Amino acid sequence: MWWDERVSARFRRNLQPTLTYWSVFFSFGLCIAFLGPTLLDLRCQTQSSLSQITWVFFSQQFCLLLGSCLGGVFKRTLAQSLFALFASSLAISLVFAIIPLCHNVVVLAVVMAVAGLAMGCIDTISNMQLVKIYQKDSAIFLQALHFFVGFGALLSPLIADPFLSDTNCILSNSTANASSNLPHIRKSLVPHHPGNLSHYDLPMKGMVVTRVSYAFWIMALINLPVPIAVFFLLYKERMVPCFNGSSHPLLSADELAMETRPVDKDELSTPGQRPQAAGGHDDLLSCCQSRNFRGASYTYFAVHVTGALVLFMTDGIVGEYSGFVYSYAVEEPLSVVHKVAGYLPSLFWGFITLGRLISIPVSYRMKPATMVFINVVGVLVTFLLLLIFSSSVVFLFVGTASLGLFLSSTFPSMLAYTEDILQYRGCATTVLVTGAGIGEMVLQLLVGSIIHDRGSYSFLVCGMIFGCLAFTFYALLVFFHRMYPKPSPELDDASPDKAAVTDDTGQYQR
């Protein structure tokens with residue numbers, strides 16, 4: 001195997017929970033990408049206008065951010081975390097099954113809000129739990145985790161595609177004229193960000209002809225094994241009330257050896273520190289309580305803030321680029337035909353998924369700080385070249401693929417890097433997830449308004465500015481990392497294996 005035996009042993013010891021968290025993130029990806037391509041069919045199903053149906057995007061994105069902020073509430077015990085993941089993954093399957101029954105746009109927005117809350121909880125809890133299990137070895141497993149969200153985001157549009165309407169799905173006297181705009185509008189909604197659609201006029205009354213319900217039912221069935229996997233993990237850990245026997249799960253050979261070996265001085269000296277480490281991954285509201293600020297140096301806050309700002313910019317770039325690259329391509333001076341321009345968002349997300357797959361083995365050989373540096377510099381250079389060759393259609397496709405590769409591993413690498421700086425005792429996961437979610441929402445709205453006022457070329461200028469800011473915040477993070485107090489030698493010696501083993505056994509306590 002291309003990793004060492006120590007990491008392999010830890011992976012085998014935590015195989016079931018690790019695979020479960022990966023599968024739950026697949027649910028996240030499956031749910032985040034289906035809305036764009038299916039939105040026009042959902043508009044027909046609810047017989048609403050384009051401006052009304054795009055509010056469904058807002059309800060999902062806003063509640064995803066809210067769920068990310070509140071997801072840390074369920075981290076206090078493993079049982080709470082797993083029950084929250086079970087409820088969230090099951091809710092996503094139920095949402096897929098219920099969407100075909102929503103014939104009112106308000107009801108559909110409420111259902112998508114529930115999906116957003118579930119996705120936010122999954123995002124925060126899955127990242128937290130993997131960091132808790134693997135700590136200093138978490139980078140490679142976080143890369144794999146975020147590969148699964150990309151895989152799910154690629155799969156759901158492919159499932160929906162055969163069932164999308166080729167012509168307008170509300171038949172009326174104006175159907176012929178409206179149908180000519182349909183491919184343009186649909187590509188503007190890929191993958192999950194709405195563009196400016198107010199100038200399109202589609203019929204709202206008439207006979208509804210759509211088969212998109214089958215796509216949602218297929219996705220509900222595909223996602224159903226995920227809550228079942230979480231339930232089996234709950235059952236294995238004796239956390240299901242009706243199956244909760246008096247005996248505890250048998251220890252594995254590795255855990256039995258750890259239980260029977262002599263206790264080291266380092267472990268005796270750390271009980272006072274362990275509650276702090278366990279209590280560090282709180283929800284956003286708990287992180288902001290004054291008790292967490294006592295005795296903390298300014299670098300403690302600076303690491304949280306600069307790490308969140310890097311992801312605010314990079315995840316914001318993901319949102320604005322995927323949302324507006326199509327609109328930029330079809331405008332002058334490129335004037336790419338609509339069908340060809342429609343491949344750009346898919347190319348972007350495809351290379352994000354490919355980059356996450358490549359990052360799994362790379363992250364084992366390369367430090368998270370180095371990977372983040374390569375990512376932000378790559379994003380900056382790519383936008384610079386896109387500006388220089390702004391009249392080249394070929395380089396637009398090359399730059400889109402390059403940007404997807406460099407952005408792909410930024411979030412998991414930054415999360416691993418920041419948690420490592422804080423020695424797994426800060427609120428990094430919650431703060432970073434929240435910062436990334438806010439950035440994806442805010443920068444997309446900001447760029448949309450700027451493009452409307454200043455023209456399509458400002459799309460690349462905004463990307464260049466955001467890339468420069470991401471690099472600046474990363475440089476500040478490195479500076480504060482050097483200023484941050486180093487762990488004591490005793491704790492440092494114990495942390496790779498000893499603290500990790502305690503997490504392996506202590507984490508799964510009720």
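We now turn to the structure provided with this report. (Residues numbered from 1 in each chain as written. Predicted model: local features only at pLDDT ≥ 70, side-chain atom pairs only at ≥ 80, totals over all residues. Heavy atoms only, no water.)

Quick word on the overall build of the chain
So, point 1. Looking only at helices and strands, the chain features 25 helices and two strands.
So, point 2. The burial tally for the chain puts 57% of its 510 residues in the buried class.
So, point 3. Pairs at least 24 apart in sequence give 84% of the contacts found in the chain among residues at least 6 apart.
So, point 4. Surface exposure of the chain reaches about 21,300 Å², of which carbon and sulfur atoms provide 67%. (Helix = DSSP H or I, 4+ residues; strand = E, 2+ residues; numbered from the N terminus. Buried < 20%, exposed > 50% of the residue type's maximum accessible area, 1.4 Å probe, protein only. Contact = heavy atoms within 4.5 Å. Areas by Shrake-Rupley, 256 points an atom, 1.4 Å probe, with all protein chains shown as cover.)

Overview of a nonpolar patch on the surface
So, point 1. A surface patch of nonpolar side chains, about 570 Å² in accessible area, is lined by Trp-55, Phe-58, Phe-62, Leu-66, Leu-70 and Leu-117.
So, point 2. Looking at the nonpolar patch, the element that brings in the most residues is helix H5 (residues 55-70), giving five residues.
So, point 3. Following the sequence through the fold, Leu-66 ends up in helix H5. (Patch = residues over 30% accessible without salt bridge, like charges linked within 9 Å, V, L, I, M, F, W, Y side chains within 5 Å. Salt bridge = Lys/Arg side-chain N within 4 Å of Asp/Glu carboxyl O.)

Here we look at the packing of aromatic side chains
So, point 1. Applying the stated rule across the entire model yields 27 aromatic pairs.
So, point 2. Seen from their ring centres, Phe-25 and Phe-28 are 5.4 Å apart, and the 10 degrees between their planes marks the pair as stacked. With Phe-25 and Phe-28 both in helix H2 (residues 15-32), this residue pair falls three residues apart, about one helical turn.
So, point 3. Look at Trp-55 and Phe-58: their rings are 5.6 Å apart centre to centre, the planes differ by 80 degrees, and that puts the pair in the edge-to-face class. Taken together, the residues span about one helical turn, with Trp-55 and Phe-58 both in helix H5 at a distance of three residues.
So, point 4. An aromatic cluster is present here, built from Phe-11, Trp-22, Phe-26, Tyr-134, Phe-141, Phe-147, Phe-148 and Phe-151 joined pairwise through their rings. (Phe/Tyr/Trp six-rings, centres within 6.5 Å; stacked < 30°, edge-to-face > 60°.)

Looking at the side chain of Ser-89
So, point 1. One can find Ser-89 in helix H6 (residues 78-98).
So, point 2. At 2.8 Å, the side chain of Ser-89 forms a polar contact with the backbone oxygen of Leu-85.
So, point 3. The residues touching Ser-89, leaving out its near neighbours within four places in the chain, are Ser-27, Ile-122, Asn-223, Val-226, Pro-227 and Val-230. (Polar contact = N/O pair within 3.5 Å; in protein donor to acceptor, adjacent residues only side chain to side chain.)

Some points on the side chain of Thr-434
So, point 1. Among the secondary structure elements, Thr-434 is positioned in helix H23 (residues 428-454).
So, point 2. The exposure class assigned to Thr-434 is buried, which follows from its relative accessible area of 5%.

Details of helix H19 (residues 343-365)
So, point 1. With 23 residues, H19 should cover 33 Å at 1.5 Å per step; its first-to-last C-alpha distance of 33 Å lies within 8% of that length.
So, point 2. If you look at H19, its biggest bend is around 40 degrees, right at Ser-359, and the proline Pro-361 turns up within four residues after that.
So, point 3. Within H19, the full set of buried residues consists of Leu-344, Pro-345, Phe-348, Trp-349, Ile-352, Thr-353, Gly-355, Arg-356, Ser-359, Ile-360 and Ser-363. (Expected span 1.5 Å × (residues − 1). Bend = angle between axes of the 7 residues up to and from the residue.)

A word on the environment of Ala-113
So, point 1. Assignment of secondary structure puts Ala-113 in helix H7 (residues 105-134).
So, point 2. By relative accessible area, which is 15% here, Ala-113 ends up buried.
So, point 3. C-alpha of Ala-113 to C-alpha of Gln-61: the two residues are 52 residues apart in sequence and 7.9 Å apart in space.
So, point 4. Contacts of Ala-113, omitting those with residues within four sequence positions, involve Ser-59 and Cys-63.

Some details on H2
An α-helical segment advances 3.6 residues per turn. Residues three or four places apart therefore align on the same side.
So, point 1. In this model H2 runs 26 Å from its N-terminal to its C-terminal C-alpha over 18 residues, within 8% of the 26 Å that 1.5 Å per residue would give.
So, point 2. Where burial is concerned, most of H2 is hidden: 15 out of the 18 residues are buried.

Some thoughts on the pattern of salt bridges
Opposite charge on two side chains lets them pair, provided their charged atoms get close.
So, point 1. Counting across every chain of the model gives two salt bridges.
So, point 2. Its salt-bridge partner being Arg-10, residue Asp-137 comes within 2.8 Å of it at the nearest N-O pair. Here Asp-137, found in the loop between H7 and helix H8 (138-160), pairs with Arg-10, found in helix H1 (residues 5-13); they are 127 residues apart in sequence, far enough to count as distant. Comparing Asp-137 with Arg-10 shows no difference in burial state: the two are buried.
So, point 3. Residues Asp-420 and Lys-136 are paired through a salt bridge, measuring 3.0 Å at the closest nitrogen-oxygen approach. Of this pair, Asp-420 sits in helix H22 (residues 410-421) while Lys-136 sits in the loop between H7 and H8, and the two are 284 residues apart along the sequence.
So, point 4. Lys-136 sits in the partly exposed class, given a relative accessible area of 39%.

Considerations on the environment of Val-114
So, point 1. Locating Val-114 in the fold gives a position in helix H7.
So, point 2. Spatially, the C-alpha atom of Val-114 lies 8.8 Å from that of Ser-59, the residues being 55 residues apart in sequence.

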